[in-house]
Amino acid sequence: MSCAGSSGYLQEPGVAPGSKTETFAAVKLTLESWRWDGVPFYIRAGKNLPVSSTEVMARLRKAPTMFPNCTAPVNYLRFRISPDVQIALGATVMDPEEKMIGRGIELVASHHPTADEMDAYERVLGDAMAGDPTLFAREDYVEEAWRIVDTVLAADTPVHLYDPGQWGPADAQGLAPPGGWDNLASTETSEF
């Protein structure tokens with residue numbers, strides 16, 4: 001695990017000099033389950049990153065390729081739930097000239113909320129006021145999550161500073177999934 005503090009965080013009013021409060025984490029997790037044996041989960045989260053986004057990306061295992069000169073990233077399935085809703089499929093396709101050179105494309109389905117839709121916080125508050133527990137975690141789930149996280153929080157993890165507007169400290173690259181982190185430049189999608 002790599003935890004860090006944004007160098008700008010230490011200058012915020014009310015933050016103690018030398019604070020070791022984490023503002024960034026990069027984590028590789030594995031589950032002790034027959035179903036998920038050998039499947040790594042990578043999480044990267046932090047404050048003051050270049051883009052605010054909540055996204056899950058599943059990189060698919062690399063299959064034998066029919067494109068020997070392919071330099072495209074591995075195929076993937078991406079779900080973004082914030083700031084907009086997207087489902088994307090990254091795939092390797094033949095180049096337009098049909099020279100058997102693979103190139104990557106991303107097929108995207110997006111939903112942009114309209115003015116009459118509630119945002120996430122409005123919906124949660126509305127459900128809380130109506131007594132609808134559907135969007136809320138059960139107590140046993142919360143207790144289990146804290147059991148896992150408490151051991152991490154209790155560790156004396158060194159602080160690695162990073163500049164505001166960056167994707168965290170350089171040390172976080174050591175925890176990157178195969179193919180690296182997906183450093184979104186914006187909420188736009190493009191061919192890679």
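Engineer: Is there a simple way to think about the pairing of strand 6 (residues 85-94) in this case?
Structural biologist: It is a general feature of regular strands that their side chains alternate between the two faces of the sheet. Alignment of strand 5 (residues 76-82) against strand 6, held across five bridges, turns out to be antiparallel. Across the sheet, the residue bridging to Arg80 is Gln86, located in strand 6. Hairpin connection from strand 5 to strand 6: two residues lie between these consecutive antiparallel strands. Here strand 6 runs beside strand 7 (residues 102-111); their pairing, made up of 10 bridges, is antiparallel. Within the sheet, the bridge partner assigned to Ala88 lies in strand 7 and is Val108.

Engineer: Is there a simple way to think about the confidence of the model for the protein chain in this case?
Structural biologist: One rule of thumb: low pLDDT means the predicted coordinates there are not for detailed reading. Residue-level pLDDT values for the protein chain average 79, and 83% of them are 70 or greater. Helix 2 (residues 139-154) holds the highest mean pLDDT among the elements of the protein chain, 88, whereas strand 1 (residues 2-4) holds the lowest, 53.

Engineer: Help me understand a nonpolar patch on the surface in this model?
Structural biologist: A cluster of nonpolar side chains, Tyr141, Val142, Trp146, Ile148, Val149 and Leu153, forms an exposed patch at the surface whose accessible area comes to about 580 Å². Its location among the elements puts Tyr141 in helix 2.

Procedures and definitions
- Residues numbered from 1 in each chain as written.
- Predicted model: local features only at pLDDT ≥ 70, side-chain atom pairs only at ≥ 80, totals over all residues.
- Heavy atoms only, no water.
- Pairing = 2+ DSSP bridges.
- Helix = DSSP H or I, 4+ residues; strand = E, 2+ residues; numbered from the N terminus.
- pLDDT = per-residue confidence, 0-100.
- Patch = residues over 30% accessible without salt bridge, like charges linked within 9 Å, V, L, I, M, F, W, Y side chains within 5 Å.
- Areas by Shrake-Rupley, 256 points an atom, 1.4 Å probe, with all protein chains shown as cover.
- Salt bridge = Lys/Arg side-chain N within 4 Å of Asp/Glu carboxyl O.

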